[in-house]
Structures are given as structure tokens and as C-alpha cells.
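Read off the chains here:
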Amino acid sequence: MNRLLALVLVAGRRLAGGLLLLVGATFLIYFTIRSAPGDAIDAITPMGTPPEVKEKLAADFGLDQEPLAGYVTWLGRSAHGDFGESLVTVTGEEVMTAALPAFRNTLLLSFAALLVCQVLATLLALVLGEPSSRQQVLTGALYFFTAAPSFVAAIFFSQALNAGIRHFVDTNGYEPPDWYPIPIDAKSIMQYVFAGLMLIAGDGLFMDMFNTVRAEISAVRNAQFIAAIRAKGASTAPHTLRNLVVPFISAFAARLPLVLGSVVIVEYFFTLDGAGYLLLEASKQRDFPIVVGLSVLFTLSIIVMNLVADVVRAAIDPREVARNG
Amino acid sequence: MGKFARLGFWLSGLIVLAVIALGCIAPLVPYEPADAVSYDDALVSPSLAHLMGTDEQGRDIAIRLVKGTEAFFLPGLMAAAISIVLGGLTGALTGYATGFFRTAVLGALQLLDTLPRLVFIILVCTIRDPSVMLIAFVAGILFIPTVATVIRRKVESLASEDYILAHIAHGFSPVRVLLHHILWLQCWPILVRQAAFVFGYVLFVETGLSYLGDYGVQEPTPSWGNMVAQVRSLPSDAPWPWLIPAAAIVLTISGFLAFGNLAARRGEEAVR
Amino acid sequence: MSEPMLTVRDLVIEFDTQAGRRRVVDGVSFSVQPGEVLGILGESGSGKTLSTLAVLGLIPGRPGVVSGEIELTLDGVRHKLLETLPAVVTRSAQGEYRKDDRRWGRMVNRQMRPLWGRAMTAVFQNPKQSLDPLMTIGAQLDESVRLAHPELARPDVRARSLDWLSRVKLHNPPRVHASYAHELSGGMCQRAMIAIALAREPRLLVADEPTTGLDTTVRQEIVELFHELLAAERRAMMYISHDIREVLFLAREVIVMRAGKIVEVATADDLRTGTGVRHPYTRTLLQAADLPVGEAA
């Protein structure tokens, strides 16, 4: 019972810390807006925005107030989910009405890609086992090529695939798939699959994950307590798995920010209906309520992921509670 | 360090040297993008006259590739310098200090670390006039926590080592011990690795945004990113105008990351 | 003297290091009689730990055991533990051993699984690291008891676990039962580890420097605990240590290792009384412990 209480306390503290981080992050975002050169409202709105829209915007974002008072006004509205209205991209619509469904797609894509990446990295780590000189050519080459930016990987990939299909289209009346040529504007599930693959294959994500996963597996397998468990004739699998849960969740959570960055460019490349695409479109047209709303959502998702990872860690590893108790 | 890793170290070191050399000579090469256009020479395949061929507007790709290094070279160095210097110092301080000061700095670092980097860069670009220098400046700031964390861990583990305690007991000032014996002598491999990483990140963001075409380098000024962007309109039998800069991006980013890791590994083996 | 329960012949262990191949155990032979304690004495790096881990099939590092014979007799059945080794080891023209580590790993697992725990088990140094950090001591002890007595019902398992905790002289067994390794001291962890090992009821216990890293007073208590528990059940043990006093206190027969080789085989009585001809290294050890050094070779 004591342990449960300690766990609840840890969770509470983490939640408070997360809220504090959220306040700090929104503060940074708000003051980035206020730091706009000259008259802020002119600097951040598209050319030719009508004066009444500008005025409403200034009121929405507390730009007509002192910075701190303005921040409080804006934070209060944001806390209710009111991030103002879109200026251009989806004119007049509530920011969250447009941003939330797009952001859900982005989160789904990022989580799926990261999860598949972790599973593949684990499989490769299990197949290769301990590092040996013979594998170095393979891992070295993988290391080198997966470090390429995901959008470059996507260009290579789409060019190769398109060229392959063109070859068939030209030679034998073959019906091209509905996602040809990549990228297309029509929404096809394959575009999401390709985007996910490129997230895994680019930005060094896969080999970074692989190295971490392999090191963690090797650390647990070679741990003395595993030798002791083997020596007493018990099955080591439950012990190994249990001890890998925490490092695996940490490895996952630690890479989410990276993926949430890569996904922006990859989504734009594949013209996916997601937050990254919306963010770049809105930013291009200086539709800054959307940009700010999405920035807050991205930040929030990172904070929540870390919070969840921390609480799961504390629930599984009793040492974590002792450290924070 | 095995034979293969040594080979990788020298190869990636060669890439790094080549990029640095290109970055240094690029400003000396006279180039006026507007004058280079010559539609008669459009899409010439690589030959002696044009080593890497020409693009759709007949511009020589080799020269644009060299000039393209200007887009990221100084910004990359600046971002690396910002994150290394500020990250190294805050890392050393938080590893050494105790009490409220440490908690406050750690909190600030955690706050910076929470911001999604690319999204925040785009936010800044929406609000201020976008330039690669601005992007690099923001990237440098956003990488401070990453550097500070690895340095802090190292300092914390070293601070209790006997020889460090002995130095302090012998009357050397703790600041000198911290800066010289810990940061300089012990942490340089980590700093090299991080510097290469931040440089690679700036190249990634610059080429990525230039590829997308709104915040990075704008045509006709060359950037590897906007050179690759020509892929959208190129005929399939003339891939070199995008293939060559794309290969340059892959080689440079992978080369810098590999060099950072392998140089740091060599350094760590030597330090130990 | 009856037939030995364990015989090791010409054991050779090699490791790949940064500086190349190193032979860490070089042709070691010894045997253990049923119900008796064999002491293995040597400095760190002498190969004493590896020689015993080889018996358990738990060599960390590669290529590990490359040649030798290990025979274990259990209830009249003879197990040849390295019988399949030649199938995975080849020798190059330069005399270097090559070994298929993965295949050997599978072979060892298959062969040792029925023997681990039932025939022999181990207590290591660094007791805190020998316990699963995410499970309570009780859960790990229960696991041992259940493996030794699968027929027992839940409450009986727990009762037996608590009994073991009091036999290793831990105060307040129910509290220790519910504790995690990080909540206990090193000495307490080692007692718990001994309980976990003995609760499995092995014929042979391998104790690999079980007192290293513990406080002097705690070391004394742990050694006495071994003496008491083994004498009570006439369990065989290999006791590895660099402390000659501990070895002489517990063992009947002692081997002294140095640089991967056995330099001395003697009974504890002879060593204590200074009878017989002694290797110079053994003389140094005896001298350092203020014991009669015996005759020079």
C-alpha cells in the first residue's frame, strides 16, 4: 500500500512538473510572437489583412496589452481550447477545429512509425546478437545511409518507385496503382505507409534506435542477476523482458521529438492531411493563429509522452520511486 | 577500435575536410546566379566542359554545388559554436553546482528541451524575416540542453574521481580544474561528437526548408536543398541536377555524423 | 576416498581482448568429492572464477572454453559437459582456436538446463547485482522454492521462504520478503542470495568470492553461515576466494591458482600446520596471513 501511495505521489509531482513545463513553453512561444519586429500585428499577419481582423487578432492574443497581462489573457483563452480563428488557410475556422484532426493524423503516423522502427531495430538486434567484427560492414553501411535526411530518402524512394512503374506502364499496358506517381494530392493510404517508412529510414532514427536497443538488450542479458537466475535453473525470459520494459519505453519517448520534427517535412513531401502539412502551409501564408496553435499541440504531446514514460517507469521500477521519494 | 572503424574514421574525415575546404573557398568563387542562366545549355549531361552537367536553366551544377556550401557552412559553424560553448558551460556548472541555482538552470534546460525543434524554428520563421542565420541561431540555442546533459553526466561522474579531488586538495582552483581538467581534457570527445551533430542538423534543416522553398535559400541563390527541389520538374532521363546535390547532402550529413562518432570514440579510447 | 562428483580435466579458456587472443585458463584439472568443500585460492585474474563458471556453463565473453573435459556424476549418472565442444571448435594451422559461439551457446543451454539449480547453482560477488532489481526478494526466493518443490501450495511456498530467510539469519523475514534489493545492505543481499541458492537444494554450490566488497565483520558472518548451512546438509561446495583464511576455514582441500594455472594442491590441514613442500607463491600467501609457510620447493 505504501508503494502505491509513493507511486501516486511521484505521478502527482510529475504532473505538476509537466504543467509547469507547459506554462514555460507557452510563455516562450508567446514571447517569440511578441518579439516580432516593428508593430507586431503587422509583422505577423499576411499583407492586406483587413483592419478589423487585425484588431480582433490583437485582442485575441492580448497584443494590445502589456506583455505579461497579454500572456495571461492568451493563456486563459488557450486553456479553454480557444486559439483564435484561421486567417487564410481555412479562413474563419476555429484553429482547433482545423488543427486537431490534422494533428491526430500526425500523432498516429509518428507513433506507428516509431513503434515499427523499434520493433525492426529489436529484431535486427536479436538476429545480429553481440557486436562482432563481421557485422561491421553491414551496420556501418546502414549507419551511413539511414543518417540521410528523411526527405532526401523520400525523393530517392519515390523516384525509384515511379521509374519502376513507368517502366511497366510503357512496356506492357500495366495499370498503375492509385498512388502513382508519388507524391500525389489524392489521399491514399499508401502515401501514409510510404511516409512512415521514410520516417524510419531517414534522419538516423533507425540506427540510433538499433544501437540503443542492442545495448539495452545486451546489458540485461549479461547482467549478473540473469546469470544467477540461470544458475538456479529458472527461466530467464520473464526477468529479461521485465527489465527491458523501462529502457524500451525510455528509448521510445526520447525519440518522439525527433520524429515529430521529421514528420513535418515528410508530410509536406507526401502531401498528407496532417499537422506538419498544415503547419507549413499556414506558416507560408502567415496564418499565425494556426502556427501558434499547432506549436502548442506539438509541445503538449512531447510533455505528455514524457509524463507517461515517467509514470510507467515509476510503476515498474521500484528504484525510481525511491530516487524520487 | 577495429580496422573497419579506422577506415570509416579516415573516410568520414576526408568528407569533413572536403566540406570545410569547399566552405572556405566558396566565398572566393565569383558567381552571379542571374548571369549563369543559358537556356541553350539546359540539361547538358556531365562532360569535361560541365563536370557535373547543367540544370534546366543551363547553369553549371558543379559551381552551384560549391556555392551552395555557403548556405549552411557559416550558419552550421555558428550553431555548433553556440550549442557547444553555452551547452558545455551550463553542463559543467550544473554538474558542479548544487542547490537552487542548479535546480533553476536544470529547469530552464528542460524547458528548452521540451520545444519541438523544427516546429519552433518554423514558428520563429513565421514571425521574423526568415534567414538561414536565424534558423541556425535558434537551432544552436535549442541544442544547448542536449550538450549540457551529456557534459553534466560526465562532470558528475568525474567530480568524485580521486584525481580531481586530489587536484582540488592540492590547491588548484575548482574553476580551473573544472574548465581545464574536466571540460577540456575529458570532455572534448563528447564536444566533437555534439558539434558534428549540430552542424549536421543545421544542414538538414537548411536543405529541408530550402527544398520546401519558403524559408531556406531562395532561387536563384544556390542551396543544395533548392537544387534538389528541381526534381519536381525534371524529365526522368536527366536525373543529375537533383541526384548530385542529393548525394552531396547524404554524404555530408552521414560523413559529419560518422566522423563525430568515430573521432569521439578514438578520443575516448585515448583519454582512458 | 569415494568417486568424485565433479572432475575437470585440462580446461583451457581463451578470450578475445583489445590486445588480441589471451589464454586466461591454461590446462586446469581438479575434482570435488561429494559433500566436501574445495577451496580455490588465487589473486584476481588468476582464472579461478572462470574455471568454476566453466563448470556452470556461464562463461562471459568469447570464445570462452576451447578445450577440456568436465564430468559431473549425479545419482550414479555421468554427465560429460564438454562432450559436444569439439563439434564447434576448430584449430587453425597456427594453433588458434575458432569457435561457433552461437551454436555452442545453444548446446550449453540445452545440456545445462536440467542441471542448473538441481545439480548445482552459484552465489556470486556483488550481491546487489545478483538480484533482479525489479522483483522483491520474496518473489525470487519463492521462485527457487517452487522449482525445488513444484508440489507445494502457495502458502507453503511462502512459509518455506520465510524459514530460509531466518536460516540465513536475516531479522524480520516478512519485511525482507517484501523488500527489493536496493532497499537492503550488501550483507543482507548476500544472505538473501545464499537463501535463494540453497532453497533450490543443489548438490553442489559454487560460491564465487561471496564476501568481496562486504565489511570485515559481515564477511566473517557470511563465512560462518556457509560453514553452518553446509555442514548441516553435507552439501558440496567450491569456495573461491583470494582470502586464505576464509578458504582454510571452510575447505578440506585447497588448490592455488596463478596466471591461469594451478600451482599448488594441498589439504587445508597441511597448509594450516605448515606440513610439506610449498610453491613459492603459496608461501607468500601463507606468510602474508601469518601462517607457517612450510618447506621451500
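Everything numeric in this text was worked out from a predicted model, so none of it was measured. (Residues numbered from 1 in each chain as written. Chains lettered and ligands numbered in written order. Predicted model: local features only at pLDDT ≥ 70, side-chain atom pairs only at ≥ 80, totals over all residues. Heavy atoms only, no water.)

1. Quick look at the overall build of chain A
- Along the backbone of chain A there are 14 helices and 0 strands.
- Along the chain direction, N to C, the helices and strands of chain A fall in the order α-α-α-α-α-α-α-α-α-α-α-α-α-α.
- For chain A, the spread of C-alpha atoms along the three principal axes comes to 80 × 70 × 30 Å.
- Counting over 325 residues, chain A shows a buried share of 50%.
- Within chain A, contacts between residues at least 6 apart in sequence are counted, and of these 73% link residues at least 24 apart.
- For chain A, the accessible area works out to roughly 14300 Å², and carbon and sulfur atoms hold 67% of it. (Helix = DSSP H or I, 4+ residues; strand = E, 2+ residues; numbered from the N terminus. Buried < 20%, exposed > 50% of the residue type's maximum accessible area, 1.4 Å probe, protein only. Contact = heavy atoms within 4.5 Å. Areas by Shrake-Rupley, 256 points an atom, 1.4 Å probe, with all protein chains shown as cover.)

2. What about the interface of chain B and chain A?
- Residue-level contacts link 41 residues of chain B with 47 residues of chain A.
- Summed over the shared surface of chain B and chain A, the result is 4 residue pairs in polar contact (both at pLDDT 80 or more).
- Mapped by element, the contributors of at least two residues to the side of chain B that touches chain A are α1 (3-25), α5 (99-114), α6 (117-127), α10 (174-212) and α12 (240-271) of chain B.
- In terms of residues, the side of chain B that touches chain A owes the most to one element, α12 of chain B, which gives 12 residues.
- In the side of chain B that touches chain A, the residues fall into 29 nonpolar, 9 polar and 3 charged. (Polar contact = N/O pair within 3.5 Å; in protein donor to acceptor, adjacent residues only side chain to side chain. Nonpolar A, V, L, I, M, F, W, Y, C, P; charged D, E, K, R; others polar.)

3. A look at the pairing of strand β3 (residues 37-41) of chain C
Residue and element names in this part refer to chain C.
- The buried count for β3 comes to 5 of 5 residues, which makes it a mostly enclosed element.
- Side chains Val-37, Gly-39 and Leu-41 project from β3 onto one buried face, and the interleaved Leu-38 and Ile-40 project onto a second face that is buried too.
- Where β3 and strand β10 (residues 236-241) come together, 5 bridges link them in parallel fashion. Each residue of the ladder has a partner; that of Gly-39, found in β10, is Tyr-239.
- Taken together, the 4 bridges between β3 and strand β11 (residues 253-258) define a ladder with parallel strand orientation. Its bridge partner being in β11, Gly-39 is matched across the sheet by Val-254. (Pairing = 2+ DSSP bridges.)

4. Some points on the sheet that holds β11 of chain C
Residue and element names in this part refer to chain C.
- Strand order in the open sheet formed by 6 strands is β8-β9-β10-β3-β11-β12, with mixed pairing between adjacent strands. Edge positions in the sheet fall to β8 (120-123) and β12 (261-267), since each has one partner strand and no second. Recorded for the sheet is a direction-independent mean angle of 20° between the axes of neighbouring strands.
- Pairing between strand β9 (residues 204-208) and β10: 5 bridges, direction parallel. Paired with Val-206 across the bridge in β10 is Met-238.
- Helix-sheet contacts for helix α1 (residues 48-56) involve β3, β8, β9, β10 and β11, and the interaxial angle to β10 is about 150°.
- Against the sheet, helix α12 (residues 280-288) engages β3, β11 and β12, with an angle of about 110° to β11. (Axes fitted to C-alpha atoms, helices over the stretch in contact; angles between N-to-C directions.)

5. Structural notes on the sheet that holds strand β2 (residues 20-32) of chain C
All names here are of chain C.
- Reading across from one edge, β2-β1-β4-β5 is the order of the 4 strands in this open sheet, with antiparallel pairing throughout. The outermost strands of the open sheet, each flanked by one partner alone, are β2 and β5 (77-80). Recorded for the sheet is a direction-independent mean angle of 10° between the axes of neighbouring strands.
- The pairing of strand β4 (residues 63-74) with β5 spans 4 bridges and is antiparallel. Note on β5: the bridge partner recorded for Leu-72 is His-79.
- α1 contacts β1 (6-17), β2 and β4 of the sheet and is inclined by roughly 110° relative to β1.

6. Some points on the environment of Ala-108 of chain B
- Tracing the sequence through the fold places Ala-108 of chain B in helix α5.
- In this structure, the C-alpha to C-alpha distance between Ala-108 of chain B and Pro-145 of chain B, residues 37 residues apart in sequence, is 8.8 Å.

7. Let's talk about the pattern of salt bridges
- One pass over the structure, following the stated rule, counts 39 salt bridges over all chains.
- In this structure, Glu-85 of chain A and Lys-56 of chain A form a salt bridge, with 3.7 Å as the shortest nitrogen-oxygen distance. Of this pair, Glu-85 of chain A sits in the loop between α4 (67-79) and α5 (95-128) while Lys-56 of chain A sits in helix α3 (residues 51-60), placing them 29 residues apart in sequence.
- One salt bridge connects Glu-36 of chain C with Arg-252 of chain C, and the closest N-O pair in it is separated by 3.0 Å. In this pair, Glu-36 of chain C is assigned in the loop between β2 and β3 and Arg-252 of chain C in the loop between α10 (244-250) and β11, connecting sequence segments 216 residues apart.
- Via salt bridges that share partners, Glu-14, Asp-16, Arg-21, Arg-23, Asp-26, Glu-96 and Lys-261 of chain C belong to a single interconnected network. (Salt bridge = Lys/Arg side-chain N within 4 Å of Asp/Glu carboxyl O.)

8. Comments concerning the packing of aromatic side chains
Residue and element names in this part refer to chain A.
- Within the structure shown, the criterion is met by 29 aromatic pairs over all chains.
- Centroid distance Tyr-30 to Tyr-71: 5.7 Å. Interplanar angle 55°. Geometry classified as tilted. Pair noted here: Tyr-30 is in helix α1 (residues 2-34) and Tyr-71 is in helix α4, with a separation of 41 residues, a long-range link.
- By relative accessible area, Tyr-30 is classed as buried at 0%.
- Site record: aromatic cluster; members linked through ring pairs are Phe-27, Tyr-30, Phe-31, Phe-61, Tyr-71, Trp-74 and Phe-288. (Phe/Tyr/Trp six-rings, centres within 6.5 Å; stacked < 30°, edge-to-face > 60°.)

9. As for the packing of helix α5 (residues 137-148) of chain C against helix α8 (residues 186-199) of chain C
Residues and elements named next belong to chain C.
- Between α5 and α8, the shortest axis-to-axis distance is 8 Å and the interhelical angle comes to 15°. Accordingly, the angle class assigned to the pair α5 and α8 is roughly parallel. Relative to α8, α5 is oriented so that their crossing is left-handed. Across from Ile-137, Gln-140, Leu-141, Ser-144, Val-145 and Ala-148 in α5, the residues of α8 making contact are Ala-192, Ala-195, Ile-196 and Ala-199.
- Residues of the contact of α5 with α8, tallied by class, amount to 8 nonpolar, 2 polar and no charged. (Parallel < 35°, antiparallel > 145°, perpendicular 65-115°, else oblique. Left-handed = near helix turned anticlockwise from the far one by under 90°.)

10. Topic: the nonpolar core
- Membership of the largest hydrophobic core comes to 149 residues, with the highest contact counts inside it found for Val-264, Phe-270 and Leu-294 of chain A together with Ile-121 and Tyr-211 of chain B.
- Contacts of Ile-121 of chain B, omitting those with residues within four sequence positions, involve Ile-135, Val-138, Ala-139, Leu-142, Tyr-201, Val-205 and Leu-209 of chain B. (Core = buried A, V, L, I, M, F, W, Y, C linked by side-chain atoms within 4.5 Å.)

11. Looking at the environment of Ala-228 of chain A
- Tracing the backbone through its elements, the reader meets Ala-228 of chain A in helix α10 (residues 224-231).
- Those residues within four positions of Ala-228 of chain A in sequence are excluded, and the remaining contacts are Phe-124, Ser-130 and Met-193 of chain C.

12. Quick look at the confidence of the model for chain B
Residues and elements named next belong to chain B.
- Overall, the prediction assigns chain B a mean pLDDT of 87, with 99% of residues at 70 or greater.
- By mean pLDDT, helix α2 (residues 33-36) is the weakest element of chain B at 72, and helix α7 (residues 132-142) is the strongest at 94.
- The complex model carries a pTM of 0.89, and its ipTM stands at 0.91. (pLDDT = per-residue confidence, 0-100.)

13. A look at α5 of chain C
- In this model, α5 of chain C (12 residues) spans 17 Å end to end at C-alpha, consistent with the 16 Å of a helix rising 1.5 Å per residue.
- The inward-facing, buried residues of α5 of chain C contact α11 (237-269) of chain A together with α6 (154-167), α7 (173-177) and α8 of chain C. (Expected span 1.5 Å × (residues − 1).)

14. Focus on the packing of α5 of chain C against α6 of chain C
Residues and elements named next belong to chain C.
- Between α5 and α6, the shortest axis-to-axis distance is 9 Å and the interhelical angle comes to 115°. Relative to α6, α5 is oriented roughly perpendicular. Here the hand of the crossing between α5 and α6 comes out right-handed. Of the residues in α6, those touching α5 at Leu-141, Asp-142, Val-145 and Arg-146 are Val-157, Arg-158, Arg-160, Ser-161, Trp-164 and Leu-165.
- Partitioning the contact of α5 with α6 into residue classes produces 5 nonpolar, 1 polar and 4 charged.

15. Details of a nonpolar patch on the surface
Residue and element names in this part refer to chain A.
- Taken together, the side chains of Leu-115, Val-116, Val-119, Leu-120, Leu-123 and Leu-126 present a nonpolar region at the surface, about 500 Å² in accessible area.
- Tracing the backbone shows Val-116 in helix α5.
- The exposure class of Val-116 is partly exposed, given its relative accessible area of 40%. (Patch = residues over 30% accessible without salt bridge, like charges linked within 9 Å, V, L, I, M, F, W, Y side chains within 5 Å.)

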